Amino acid sequence: KGAAIAANLGYAKGPLSAGLAYWDAKDEPKANSQKSTRVWGSYTFGIVNVGLTWDQSAVAVLTPAKVETKRNAFSIPVRASVGPGTLMFTYTQAQDVKVNGTTGANTGAKMMVVGYDYPFSKRTSLGVSFANINNESNAAYGMFTGAALSNIANPVAGQDTRSLYVGLRHAF
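Criteria and cut-off values
- Numbers given for residues are sequential positions, taken from 1 along each chain in its written order.
- Local features in this predicted model are restricted to residues whose pLDDT is 70 or higher, and side-chain atom pairs enter the listing and the counts only when it is 80 or higher, whereas totals over whole chains, interfaces and linings include all residues.
- For the side-chain quantities, the full set of heavy atoms in the structure was used; hydrogens and water were omitted.
- Here a salt bridge means any side-chain nitrogen of Lys or Arg lying within 4 Å of a carboxyl oxygen belonging to Asp or Glu.
- Centre distance within 6.5 Å is the pairing criterion for rings of Phe, Tyr and Trp, where only the six-membered ring of Trp is used; planes under 30 degrees apart are then read as stacked, over 60 as edge-to-face, and the remainder as tilted.
- Each residue is placed in one exposure class: buried if its accessible area under a 1.4 Å probe, protein chains only, is under 20% of its type's maximum, exposed if it is over 50%, and partly exposed if it falls in between.
- Each helix is a run of DSSP H or I of at least 4 residues and each strand a run of E of at least 2, with the numbering of both proceeding from the N terminus.
- Residues adjacent in sequence count toward polar contacts only when both atoms are side-chain atoms; beyond that, a polar contact is any pair of N or O atoms within 3.5 Å, and within protein one must be able to donate a hydrogen and the other to accept it.
- Only heavy atoms enter the contact rule, under which two residues are in contact if any of them lie within 4.5 Å.

(A) Quick look at the pattern of salt bridges. Across all of its chains, the model carries three salt bridges by this definition. Connected through shared salt-bridge partners, Arg-38, Asp-55 and Arg-71 make up one network.

Here it is in structure tokens:
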């Protein structure tokens with residue numbers, strides 16, 4: 001049990017798109033909470049779309065004593081029409097984590113993703129991508145949460161992770 005508020009505002013006209021998202025969740029009896037604010041925008045220059053995203057997320061555990069962990073991150077996604085498909089690249093950087101206002105040393109990470117999406121038809125496409133997360137010595141970012149993959153453990157601090165994706169998508 002608990003409560004959550006989610007809001008998302010977006011704008012898109014011509015080559016410009018922008019948006020703002022907000023998330024605020026508390027469990028019952030409101031002992032823990034999550035908050036996130038995200039701002040993004042992109043602009044299309046001919047066949048290339050370049051974007052920028054900024055995200056601030058915080059988790060607070062209020063018992064036995066309040067501990068708030070906060071992290072800022074930004075991403076630069078780039079998409080380009082190449083042949084019949086779309087080439088994609090994203091650079092993301094998570095800055096050092098703050099715990100109760102104190103910055104933890106070497107707790108950030110950098111991620112790069114490159115991929116290509118090839119359409120077979122309007123409803124079917126084949127995608128391939130490779131992602132690499134470079135964790136700093138005290139960071140343990142992974143591709144997924146443990147709960148998403150049957151509780152597979154997250155990487156240990158300083159361990160880098162990689163992911164190769166190949167997928168066939170069909171929209172019904």
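(B) Representation of the packing of aromatic side chains within the structure. Applying the stated criterion across every chain, the model contains three aromatic pairs. Relative to Phe-45, the ring of Tyr-43 lies with its centre 4.8 Å away and its plane at 55°, an arrangement referred to as tilted. With 5.3 Å between their ring centres and 75° between their planes, Tyr-118 and Phe-120 make a pair best called edge-to-face. When its relative accessible area of 34% is taken as the criterion, Tyr-118 is described as partly exposed. Take Phe-120: its relative accessible area is 51%, and that puts it in the exposed class.

(C) Expanded view of the side chain of Thr-107. On the secondary structure map, Thr-107 appears in the loop between strand E8 (102-103) and strand E9 (109-119). From its side chain, Thr-107 meets the backbone oxygen of Gly-104 in a polar contact 2.9 Å long. Dropping the residues within four chain positions of it, Thr-107 is found in contact with Gln-95, Asp-96, Val-97, Glu-136, Asn-138, Ala-139 and Tyr-141.

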